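Secondary and tertiary structure notes
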Amino acid sequence: MGEQADTAFKTTGSKWLLPVSEYLGFPLDQVNFLACQLFALAAAFWFRLYLSPSHANPLVRHAVATLLGIAFLIFCFGWYSVHLLTVVVAGYLIIVKADINNVHSYSMVTAMGYLTVCQVSRVFIFNYGILSTDFSGPLMIVTQKITTLAFQLHDGMCKKSEQLTPEQKHLAINVRPSLIEYLSYNLNFLSVLVGPCTNYKDYVDFIEGRHISQRLRHRSGTCTGQNGYDKTPDLSPLPAVCQKLLVCCGCMLFFLIVTRSLPIKYNVDPDFVNHAAFLTRLTYAFFSIQAARPKFYFAWTLADAVNNAAGFGFKGIDENGKPSWDLICNLNILGIETATSFKTFIDNWNIRTGIWLKTVCYDRAPKHRLALTFILSALWHGVYPGYYFTFITAIPITMAARAIRKSIRHYFLGSKGLKMGYDILTWAATQLAICYTVMPFLLLAVEPTLVYYRSMYFHVHIISILAAIALHRKHKTRDPSATSKMLPSASPLSSLCSAQCQPVHSNNNDKVD
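Residues numbered from 1 in each chain as written. Predicted model: local features only at pLDDT ≥ 70, side-chain atom pairs only at ≥ 80, totals over all residues. Heavy atoms only, no water.

1. Regarding the UniProt feature "transmembrane region" (unreviewed entry) in the chain
Cross-referencing UniProt, the feature "transmembrane region" (unreviewed entry) maps to residues 31-51, 63-96, 108-131, 386-404, 424-445 and 451-471 in the present numbering. Counting secondary structure, residues 31-51 comes out at 95% helix and 0% strand; the distance between its end C-alpha atoms is 28 Å. Here residues 386-404 runs as 100% helix and 0% strand, with 27 Å between its end C-alpha atoms. (UniProt positions renumbered as here; feature names shortened; annotations may be inferred. Helix = DSSP H or I, 4+ residues; strand = E, 2+ residues; numbered from the N terminus.)

Structure follows, in structure tokens:
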């Protein structure tokens, strides 16, 4: 009876599926979330086939997408869904009533401030140290959307064309959205629970039926959405959806078989810490971190499949003449697992959040861009101390990885054997850095994080990072011409063509370069 009460407590929404939760042994909030996402998948097919732009006008599509999204929120979170509705309405009042010159600042302060207050309350409302699919997850996505739209509106209505980068110019909005457009963008059923954050213009193009044609038509004399292919292939998203659902099934099986047998908390178990050898602890940390990823892979890939099923997410025709549906993809699993640098790992993990951070912070900060971006990322994630351990540690690690790459990589490019050896070594170093950096993010609290740091000789790791940065700066002082050698060779014309014909996240690597 106590177990049932405990299971029921782990949701603030509907308890209709409590028997299913008890039968499967999963928390009720996770069962509700999965049920809504599976229903969203079915609704997405219906939305594409029976509410297509040729059968329904944009107002109907906006309204249906919004109402379904609000229904999902109420089912999963009950009255806590009021938090999301409140911040969305406040965001709309800001873009309608506030001075357009300050609309981006007001929106950022309001959305991030409200999110932070809710994150603080979350620590006390829910069991501390337990990651749960509570209302703060969708609130984080809504915060991204509110601020993204506000900055793009400010770009379109306040800045001159020459003040904007090609990306900003392409995504700038020069007309305030209507209330139904704003609600639909923020609360649509395709992304309300787990995202991803999309650009407002892309979403409106999808609702109004221009999403695919915009990427297939000519944009300049030498650059097309079809990459030179004259024949348009079948643009049905069904193959992409099926492929992504297979990935979801694999991730779910991995979670059930492997992840549950490698709990993160065992890294700070007193017996394990006191009696296991260092290499044993390091090996377990490596595999437990690897095992923790598939639940994120599952959630983000399923969300991507839901959007594709509705006909959203078309990127263009790839180099092989096949349609790509990865415009709003949130991760690259192969890129994550084979990352040979911390930067590469970041670029392939939670891609849309990386783009958001780049859009609202990194590209606009006058100085200390890297540090400010990581701090904003930590604040956006929440107030658990582990988040700040992770993101503050990530700053010197990123700097050190960049320094080492620039200092020694060119010595290993002379032969395939040396290059392979370099890649293997840097892959191992990257995975080791991730073990140290990401673990506090999963442990959350201060005490277990410090136990882990002590058991893994974290001070030696930090000294190595600082030494790498210091050596690189010394080398840089001796060679002032190094900066000029690193200038990109691409012409402005080719850069503009790339910015127009590729999705925004194709330039995501810039955020730490």
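2. Here's the deal with the state of the cysteines
Inspection of every chain in the model, using the stated rule, returns zero disulfides. Distance from the sulfur of Cys-249, which forms no disulfide, to the nearest cysteine sulfur (Cys-248) is 6.9 Å. By relative accessible area, which is 47% here, Cys-249 ends up partly exposed. (Disulfide = S-S within 2.5 Å. Buried < 20%, exposed > 50% of the residue type's maximum accessible area, 1.4 Å probe, protein only.)

3. A short note on the packing of helix α20 (residues 385-408) against helix α21 (residues 416-443)
Across the interface, α20 lies against α21 with an axial gap of 7 Å and an inter-helix angle of 165°. When the interaxial angle is binned, α20 and α21 end up roughly antiparallel. The handedness of the crossing between α20 and α21 is right-handed. Only Tyr-422, Ala-433, Thr-437, Val-438, Pro-440 and Phe-441 of α21 make contact with α20, whose side of the interface consists of Gly-386, Tyr-387, Phe-389, Thr-390, Phe-391, Thr-393, Ala-394, Ile-397, Arg-405 and Ile-408. Among the residues forming the contact of α20 with α21, the class breakdown is 11 nonpolar, four polar and one charged. (Axes fitted to C-alpha atoms, helices over the stretch in contact; angles between N-to-C directions. Parallel < 35°, antiparallel > 145°, perpendicular 65-115°, else oblique. Left-handed = near helix turned anticlockwise from the far one by under 90°. Contact = heavy atoms within 4.5 Å. Nonpolar A, V, L, I, M, F, W, Y, C, P; charged D, E, K, R; others polar.)

4. Structural notes on helix α12 (residues 238-257)
Structural remark: α-helix, 3.6 residues per turn; residues separated by three or four positions point the same way. With 20 residues, α12 extends 29 Å from end C-alpha to end C-alpha; this agrees with the ideal 28 Å at 1.5 Å per step. Restricting attention to buried positions, one finds in α12 the residues Ala-240, Val-241, Lys-244, Cys-248, Cys-251 and Phe-255. Considered in projection along α12, the buried side chains sweep an arc of 95° and stay on one side of the axis. Set apart from the buried face of α12 by more than 90 degrees, the exposed residues are Pro-239, Gln-243, Leu-246, Leu-253 and Ile-257. Each element contacted by the buried residues of α12 is listed here: α3 (28-50) and α15 (294-309). (Expected span 1.5 Å × (residues − 1). Arc of directions from axis to C-beta.)

5. Considerations on the nonpolar core
Grouped together as the largest cluster of nonpolar side chains are 114 residues, with contacts concentrated most on Phe-47, Phe-189, Leu-193, Phe-206 and Tyr-452. Structurally, this core is a two-domain feature, drawing no fewer than three residues from each of domain 1 (17-217) and domain 2 (237-473). (Core = buried A, V, L, I, M, F, W, Y, C linked by side-chain atoms within 4.5 Å. Domains from an automatic or database assignment.)

6. Quick notes on a nonpolar patch on the surface
There is a patch of nonpolar side chains on the surface, built from Val-20, Tyr-23 and Leu-24 and spanning about 340 Å² of accessible area. Turning to its location among the elements, Leu-24 is positioned in helix α2 (residues 18-24). Of the residues examined, Leu-24 reaches a relative accessible area of 45% and is grouped as partly exposed. (Patch = residues over 30% accessible without salt bridge, like charges linked within 9 Å, V, L, I, M, F, W, Y side chains within 5 Å. Areas by Shrake-Rupley, 256 points an atom, 1.4 Å probe, with all protein chains shown as cover. Salt bridge = Lys/Arg side-chain N within 4 Å of Asp/Glu carboxyl O.)

7. Some points on the confidence of the model for the chain
Residue-level pLDDT values for the chain average 83, and 82% of them are 70 or greater. When pLDDT is averaged over each helix and strand of the chain, the minimum, 35, is found for helix α25 (residues 492-501) and the maximum, 98, for helix α9 (residues 179-187). Between residues 1-9, whose pLDDT stays under 50, and residues either more than four places distant or in other chains, the model counts 11 contacts. Residue range residues 477-513 is modelled with pLDDT below 50. Its contacts to residues more than four positions away, or to other chains, number 49 contacts. (pLDDT = per-residue confidence, 0-100.)

8. Overview of the environment of Asn-332
Along the chain, Asn-332 turns up in the loop between β2 (323-324) and α16 (333-337). For Asn-332, a relative accessible area of 34% gives the class partly exposed. In this structure, the C-alpha to C-alpha distance between Asn-332 and Tyr-297, residues 35 residues apart in sequence, is 9.1 Å. Contact partners of Asn-332, with chain neighbours within four places excluded, come to Asn-348 and Ile-351.

9. Concerning the side chain of Thr-66
Position of Thr-66 relative to the elements: it lies in helix α4 (residues 58-77). Beyond its immediate sequence surroundings of up to four residues, Thr-66 is in contact with Ile-180, Leu-183, Ser-184 and Leu-187.

10. Observations regarding the side chain of Asn-267
In this structure, Asn-267 sits in the loop between α12 and α13 (270-275). In terms of polar contacts, Asn-267 uses its side chain to reach the backbone carbonyl oxygen of Ile-264, at 2.9 Å. In contact with Asn-267, not counting residues within four places along its chain, are Phe-272, Val-273, Arg-281, Tyr-284, Ala-285, Ser-288, Met-439 and Tyr-452. (Polar contact = N/O pair within 3.5 Å; in protein donor to acceptor, adjacent residues only side chain to side chain.)

11. Quick notes on unusual backbone geometry
That bond from Gly-195 to Pro-196 is cis: its omega, 5°, falls within 30 degrees of zero. Within the fold, Pro-196 resides in the loop between α9 and α10 (200-208). A positive phi angle, close to 50°, is found at Asn-350, a residue other than glycine. At His-368, a position not held by glycine, the phi torsion is positive, near 55°.

12. With respect to the packing of aromatic side chains
Aromatic ring pairs are described here by two measures, namely the spacing of the ring centres and the angle between the planes. Scanning the entire structure with this criterion turns up 31 aromatic pairs. Considering the side-chain rings of Phe-296 and Trp-349, the 5.5 Å spacing of their centres and the 65° angle between planes classify their relative orientation as edge-to-face. In this pair, Phe-296 is assigned in helix α15 and Trp-349 in the loop between α17 (342-348) and α18 (351-362), connecting sequence segments 53 residues apart. Of the residues examined, Phe-296 reaches a relative accessible area of 23% and is grouped as partly exposed. A centroid spacing of 5.1 Å and a plane angle of 75° characterise the contact between Trp-300 and Trp-349, whose relative ring orientation is edge-to-face. With a gap of 49 residues between them, Trp-300 in helix α15 and Trp-349 in the loop between α17 and α18 connect regions that are remote in the sequence. Given the relative accessible area of 11%, Trp-300 is considered buried. Of note, Arg-61 hangs over the ring of Phe-206, and the distance from its end group to the ring centre comes to 5.1 Å. Over the aromatic face of Tyr-185 sits the side chain of Lys-145, whose NZ or CZ is 5.7 Å from the ring centroid. (Phe/Tyr/Trp six-rings, centres within 6.5 Å; stacked < 30°, edge-to-face > 60°. Lys NZ or Arg CZ within 6 Å of the ring centre and 35° of its normal.)

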